[in-house]
2 protein chains.
Amino acid sequence: MQAAERRQKKTELKREAILRSAAAAFRRKGYHGTSMEDISEALLMTKGSLYYYFQDKEAILFACHDFSLDKVLATLKQDPEASASQRLARMIEALVHVIIDELGGSALALDFTALSPELLARIIAKRDQFDRGMRAVIQQGVKSGEFRKVDVKLASFAVLGAINWISKWFRPEGEQTAHDIARTYSDLLVSALKAGELPAAPRRK
Amino acid sequence: MQAAERRQKKTELKREAILRSAAAAFRRKGYHGTSMEDISEALLMTKGSLYYYFQDKEAILFACHDFSLDKVLATLKQDPEASASQRLARMIEALVHVIIDELGGSALALDFTALSPELLARIIAKRDQFDRGMRAVIQQGVKSGEFRKVDVKLASFAVLGAINWISKWFRPEGEQTAHDIARTYSDLLVSALKAGELPAAPRRK
DNA sequence: GCATGGTTCTACCGTTCGTTCAAACTTCAA
DNA sequence: TTGAAGTTTGAACGAACGGTAGAACCATGC
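Attention in this report is confined to the structure presented alongside it.

Parameters at a glance
Residues numbered from 1 in each chain as written. Chains lettered and ligands numbered in written order. Predicted model: local features only at pLDDT ≥ 70, side-chain atom pairs only at ≥ 80, totals over all residues. Heavy atoms only, no water. Helix = DSSP H or I, 4+ residues; strand = E, 2+ residues; numbered from the N terminus. Buried < 20%, exposed > 50% of the residue type's maximum accessible area, 1.4 Å probe, protein only. Contact = heavy atoms within 4.5 Å. Least-squares fit on C-alpha atoms with pLDDT ≥ 70 in both. Core = buried A, V, L, I, M, F, W, Y, C linked by side-chain atoms within 4.5 Å. Near = heavy atom within 4 Å. Polar contact = N/O pair within 3.5 Å; in protein donor to acceptor, adjacent residues only side chain to side chain. Nonpolar A, V, L, I, M, F, W, Y, C, P; charged D, E, K, R; others polar. Axes fitted to C-alpha atoms, helices over the stretch in contact; angles between N-to-C directions. Parallel < 35°, antiparallel > 145°, perpendicular 65-115°, else oblique. Left-handed = near helix turned anticlockwise from the far one by under 90°.

Within chain A one finds 9 helices and 0 strands. Going from the N terminus to the C terminus, chain A shows its helices and strands as α-α-α-α-α-α-α-α-α. When each of the 205 residues of chain A is scored for burial, the buried share is 49%. When contacts within chain A are restricted to residue pairs at least 6 apart in sequence, those whose partners lie at least 24 apart make up 72%.

What follows is the structure in structure tokens.
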């Protein structure tokens, strides 16, 4: 039985390696722009071998999303009784690290349009679950007066947009480390929401 | 000559219609995921006709980017002597309108990876020009003390990310108008940068 | 009405890509 | 060493797609 476990572990590792390679390719060239050979060649395999680990190309895309979303959802489960700004700041930092460190920066930025309705529904469900969690934190801050009275949905989109966009420009060779980015982003985005001395400014026009 | 002008105008309009259809399709299914027939069918044409207006599929993608980037660059040319926060706010609002109103929300969110090196270089040049403009505004605010001492590059990415992400979730049927979004986003993002009473907080760890 | 030039359609070619499958290779327990 | 199970390969297929060419269609000016 020892051997069976080792084997299982090994194929599990290979599945993850395929996911990393696929996610990197999808991110660079898009789902439809990536061929199975693109994915396999980077791992010194032939494309045929991929079908031993995944049913088809779509299953790989689904697994990428599912894997990433699980990591993203994990950022919700934190801090039992912290302030809204603390919770938001920690969430943002955790998210930045997930985006950059896991699957090499893919996460929510990939197409899911290519998925069939059934698989798509499962991904959307998870994404919605995360959206609700993020909005709840912002809502909490608005209610407690910590944050300004913003449209919670829009504010949430703005925060997530800024973070998700990272995968479009981040390069591991760049000067910024994931840690730098995480700190700067949480500073910036939490300040965006905080009720400052600036009055909810009466706007021109 | 009257007739020649009318004809010319008509083909110009058709070119733009093709671009709008193409941009919508690219945004939904990605560049490689959309076929020439996808683009033409939405306009009640056959794919063959598209080649009368554009050399090939790549030319359409290039035109989408080029068209959008020209609109985006136009947002730089404003306010001769305004404060950094005013300039940034107006830029953000203009950008949101461009993203939503022009080409139905495509802009910088499309793949450019599919472009050949020559065309890619031209797009990147324009995008860089815009990046410099946006960074200059933020830099101005930091220098004048209006904004906090942030990493200008990161702050610029955060602002642009939030805005560009709009094309991923915006639906014309939704409750938010372009105007609502523009106002909320400029409020949020300018506040993110403003030097508030919150001290450049000494951070845990 | 007819000829000209602009526009669109249809049919087709060549290529690429996802997927399949049977054969070959590897690993390891007996 | 042998055999069975796990893994990889390489060739082949069928479908979809980008692009092309020439015929067909349509509007306009004489």
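Moving on from the coordinates now.
Let's shift gears to the relation of the copies chain A and chain B. With an RMSD of 0.1 Å, chain A superimposes on chain B once it is rotated by 180° and translated 0.0 Å along the axis. Such values leave the two copies arranged in the relation of a two-fold axis. When the interface residues of chain A are mapped onto chain B, 100% of them again fall at the interface, so both copies present the same face.

On to the nonpolar core. Grouped together as the largest cluster of nonpolar side chains are 132 residues, with contacts concentrated most on A:Ile163, A:Ile166, A:Tyr185, B:Ile163, B:Ile166 and B:Tyr185. Once residues lying within four places of it in the same chain are set aside, the contact partners of B:Tyr185 are A:Leu154, A:Phe157, A:Ala158, B:Ile92, B:Val96, B:Ala162, B:Ile163, B:Ile166 and B:Trp169.

Turning to the protein's contact with DNA strand C, a few remarks are in order. Every one of the 16 residues lining DNA strand C counts as a neighbour, but A:Met36, A:Lys57, B:Thr11, B:Tyr52 and B:Tyr53 are closest to it. For DNA strand C, the fraction of atoms within 4 Å of the protein that belong to sugar or phosphate moieties is 70%. For DNA strand C, a phosphate oxygen lies 2.7 Å from a polar atom in the side chain of A:Lys57. Contacts to DNA strand C include B:Ser49, whose side-chain N or O atom sits 2.7 Å from a phosphate oxygen. Put simply, the parts of the chain that give the surface near DNA strand C at least two residues each are helix H3 (47-53) of chain A together with helix H1 (2-29) and helix H3 (47-53) of chain B. Its residues placed into classes, the surface near DNA strand C shows 6 nonpolar, 5 polar and 5 charged.

Turning next to the packing of helix H9 (residues 178-193) of chain A against helix H7 (residues 152-164) of chain B. Taken N-terminus to C-terminus, the directions of H9(A) and H7(B) make an angle of 60°; their axes are 10 Å apart at the nearest point. One finds that H9(A) runs oblique with respect to H7(B). As H9(A) runs across H7(B), the sense of the crossing is right-handed. On H7(B), the residues that touch A:Asp180, A:Ile181, A:Thr184, A:Tyr185 and A:Leu188 of H9(A) are B:Leu154, B:Ala155, B:Phe157 and B:Ala158. Tallied by class, residues from the contact of H9(A) with H7(B) come to 7 nonpolar, 1 polar and 1 charged.

Functional significance is not addressed by these values, which are geometric in nature.
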